[in-house]
Amino acid sequence: MLFNQKGSLIGAVLAVTVGILVIHVNFVIFQGLYDAIVRDISDYNTGDVIVTDEFDFIDKSDQSLVRWFERIPVVQAATPRLSTTSEMNMTKNGKLIEETRISLVGVDPFNDVRASTVHETVTEGSYVFARNAIVLGSNVARDLGGAQVGDSVKVLVVDRWGEDQIRRFTVTGIANSPGGQGFDYSGVIHIDTLRDMMSRPGDTGSFMVKLYDSSKALEVKEFFLRSFPNQDFLAETTEEASEAQLQGFRSGIAMINMIGYFGMGASAFAIVTIQMMLVNGKTRQIGVMRSIGAKRKDILIIFIFQGMIIGAIGAGVGTAAGLGYTVYAKETKMSFNGSLPLEVSYNWEKIIQTALTSFILAMIASLYPSYRATKLLPVEAMRTV
């Protein structure tokens, strides 16, 4: 009966397919965006584990901590960083341009390029290597009147004693990252230069630790804390360190997923409508079957089986279409309007769960039309012919 009504079959399958595809597209875009933000936070700012001091700056030797971390086989590299707020000014076309409250980050050039990919965001010039070099974020360069490589910039920092420390730097690079997740709003200088300006010789703000296998982050964190029990160290994974930034985004993903499942529920109503049309269109056949001895249970099984066929075909086609979209997004490194590329992954648990949910909904949607079909009496069904 179902395959004789090809239009109804196609309509029902499309309803299920679209419901599944909506969920897959939502997952690829919003979960991919979330994972991309976590990826860039890890690559640019925190590594897989970030170590800070709970109360003040870290005063332990850089090299001793770097060597300690790099003895762990899963650790790729570790690097110290120090940051503060600064004021900058430069003269452009005879006009003095000043900017305040700009983040200034001090990096160890040798270790930073091993533990972070932020140096790859330098689109003009080169990364920091000399003591008097500065890399400006693209937004900072723009606000300074269009600073370019080779320009001279004055930087003011207030040291630990409350004194103004002013130094002149040469712009050696401009950093511009997709989505602005890197140092687009900061200036980057050599960490030893920043220590001198802040009057904090040997002090470090944080240690960024990059792993070969990010899934080992929690183990490395706990091992580090156990190894330094009498220190005031605070170690966090990427998601722990960025909890405030990511919490709202997770809520948004949950809401989008809920909307997707509402769409799948709407496809179930479409199946109910199509099954009801099939029942009304097959009244004579149902009457004949009942008159030759078919029981209500038999009629019920027939229409439930039709729902299973619709659910199976729709789940298969929808899942295939969703996987096709996922492959496309992953291979093309999909992004929107030049923003950060999505971090697309294959979540097989989610894929199977969505397919099973759509199949079960199709079966449930066929229950009421099946029940209506069983209520038709043979004599009444034949009278409608």
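Residues numbered from 1 in each chain as written. Predicted model: local features only at pLDDT ≥ 70, side-chain atom pairs only at ≥ 80, totals over all residues. Heavy atoms only, no water.

**Student:** Looking at this model, I keep getting lost on the nonpolar core. Mind explaining?
**Tutor:** Inside soluble globular proteins, nonpolar side chains tend to come together where they are buried. Among the nonpolar cores identified, the biggest contains 22 residues, and Met88, Leu104, Ile134, Leu136 and Val155 are the most heavily contacted of them. At the level of elements, strand 2 (75–92), strand 3 (95–107), strand 5 (133–137), helix 4 (138–143), strand 6 (152–158), strand 7 (164–175) and helix 5 (191–198) are the ones that each hand at least two residues to this core. In terms of residue count, helix 5 provides more of this core than any other element does, 4 residues in total. (Core = buried A, V, L, I, M, F, W, Y, C linked by side-chain atoms within 4.5 Å. Buried < 20%, exposed > 50% of the residue type's maximum accessible area, 1.4 Å probe, protein only. Helix = DSSP H or I, 4+ residues; strand = E, 2+ residues; numbered from the N terminus.)

**Student:** Explanation requested: helix 2 (residues 62–70) in the structure shown.
**Tutor:** Counting along an α-helix, one turn takes 3.6 residues, and residues three or four places apart therefore face a common direction. Here helix 2 has its buried residues at Asp62, Leu65, Val66, Trp68 and Phe69. Down the axis of helix 2, the smallest arc covering the buried residues is 160 degrees, so these residues share one side. For helix 2, the N-terminal cap is serine 61; the gap from its side-chain oxygen to the backbone nitrogen of glutamine 63 is 3.4 Å. (Arc of directions from axis to C-beta. Polar contact = N/O pair within 3.5 Å; in protein donor to acceptor, adjacent residues only side chain to side chain.)

**Student:** How do you make sense of the layout of surface pockets when you look at a structure like this?
**Tutor:** Empty space among the atoms can be located by rolling a probe the size of a water molecule over them. Approximately 400 Å³ is the volume attributed to the largest pocket. In terms of lining residues, the largest pocket is bounded by 17 residues, among which Asn45, Thr46, Ile50, Ser83 and Ser206 are the most central. Every element with two or more residues in the lining of the largest pocket is listed here: helix 1 (6–46), strand 1 (49–53), strand 2 and strand 3. Approximately 260 Å³ is the volume found for the second largest pocket. Lining the second largest pocket are 13 residues, with Val38, Ser42, Asp48, Ser214 and Thr238 sitting closest to its centre. Broken down by secondary-structure element, the contributors of at least two residues to the lining of the second largest pocket are helix 1 and helix 7 (238–241). In terms of residues, the lining of the second largest pocket owes the most to one element, helix 1, which gives 6 residues. Here the residues of the lining of the second largest pocket sort into 3 nonpolar, 4 polar and 6 charged. Two domains each donate at least three residues to the lining of the second largest pocket, and these are domain 1 (6–40 + 246–383) and domain 2 (56–231). (1 Å grid on protein atoms, 1.4 Å probe; cavity = no way out; pocket = protein on both sides within 12 Å on 5 of 7 lines; lining within 4 Å. Points joined across faces, edges and corners; volume = space filled by probe spheres on them. Nonpolar A, V, L, I, M, F, W, Y, C, P; charged D, E, K, R; others polar. Domains from an automatic or database assignment.)

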